[in-house]
Amino acid sequence: MDEDTVSTNTSADDKTEDFCDNPTQDTIAEGLLGLIKPTVDLLDEKFRATRASQLELRLQIEALTSQLDKISAEQQTAVPLDSYTRKLVDAQQKISIVGNILQTTQVAMHKKFFMGS
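Residues numbered from 1 in each chain as written. Predicted model: local features only at pLDDT ≥ 70, side-chain atom pairs only at ≥ 80, totals over all residues. Heavy atoms only, no water.

Asks: What's the story with the overall build of the chain in this structure? I'm lost.
Replies: The secondary structure content of the chain amounts to 3 helices and 0 strands. Start at the N end of the chain and walk to the C end: the helices and strands fall as α-α-α. In the chain, once contacts between residues fewer than 6 apart in sequence are set aside, the share between residues at least 24 apart is 69%. Of the roughly 9500 Å² that the chain leaves accessible, carbon and sulfur atoms contribute 58%. (Helix = DSSP H or I, 4+ residues; strand = E, 2+ residues; numbered from the N terminus. Contact = heavy atoms within 4.5 Å. Areas by Shrake-Rupley, 256 points an atom, 1.4 Å probe, with all protein chains shown as cover.)

Asks: Any chance you could explain the nonpolar core here in plain terms?
Replies: Generally speaking, soluble globular proteins have nonpolar side chains that are buried together. Ile61, Leu68, Leu81, Leu88 and Ile95 form the largest nonpolar core, which has 5 residues in total. For this core, the secondary-structure elements that each account for two or more residues are helix H2 (23–74) and helix H3 (82–114). The residues contacting Leu88, other than those within four sequence positions of it, are Ile61, Leu64, Thr65 and Leu68. (Core = buried A, V, L, I, M, F, W, Y, C linked by side-chain atoms within 4.5 Å. Buried < 20%, exposed > 50% of the residue type's maximum accessible area, 1.4 Å probe, protein only.)

Asks: Help me understand a nonpolar patch on the surface, please; the structure alone is not making it clear to me.
Replies: Residues Ile28, Leu32, Leu33, Leu35, Ile36, Phe113, Phe114 and Met115 make up a contiguous nonpolar surface patch of roughly 760 Å² in combined accessible area. Those elements giving two or more residues to the nonpolar patch turn out to be H2 and H3. For the nonpolar patch, the element with the highest residue contribution is H2, accounting for 5 residues. Here Met115 lies in the segment after H3. (Patch = residues over 30% accessible without salt bridge, like charges linked within 9 Å, V, L, I, M, F, W, Y side chains within 5 Å. Salt bridge = Lys/Arg side-chain N within 4 Å of Asp/Glu carboxyl O.)

Asks: Got a minute to help me understand H3 in this structure?
Replies: Its 33 residues give H3 an end-to-end C-alpha distance of 47 Å, which sits within 8% of 48 Å, the value for a rise of 1.5 Å per residue. When H3 is considered as a whole, its buried residues turn out to be Thr85, Leu88, Gln92, Ile95, Gly99, Leu102, Gln106 and Met109. For H3, the elements touching its buried residues are H2. (Expected span 1.5 Å × (residues − 1).)

Asks: What is the right way to look at the pattern of salt bridges in this model?
Replies: Pairing between side chains becomes possible if they bear opposite charge and their charged atoms approach one another. This model, assessed by the stated rule, comprises 4 salt bridges. Its salt-bridge partner being Asp41, residue Lys37 comes within 2.8 Å of it at the nearest N-O pair. Highlighted residues: Lys37 and Asp41, both in helix H2, separated by 4 residues, approximately one helical turn. Taking the relative accessible area as the measure of exposure, Lys37 reaches 34% and is therefore partly exposed. Owing to a relative accessible area of 33%, Asp41 belongs among the partly exposed residues under this scheme.

Asks: Just checking my understanding: could you explain the environment of Ile36 for this structure?
Replies: Summarising the element assignment, Ile36 is placed in helix H2. By relative accessible area, which is 32% here, Ile36 ends up partly exposed. Between the C-alpha atoms of Ile36 and Phe113, which are 77 residues apart in sequence, the distance is 8.4 Å.

Here is the structure:
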């Protein structure tokens, strides 16, 4: 066999330890992170804004529920406010569930993109 056609590489396994120190791979990874990071940061900002608005909504629902309870207690005649109060409590529970989902998603997103887990 001619010396020019003889390969010095014996297998792909012999080069696996060089894979992590590959500057091309580092450049590609940095490029991908540069492309993805602004989107992830924007999503993170939107998660925070949504969670803040949900907290504000929950506080408003609590205040409204309290006011409805006071009005109901002060009324001489029975005003059917219980159904409205129950709807507000149900809405508050749904807001809490969505908030928990958002928080879990946000944590998972951060772990995936910034911690490599």
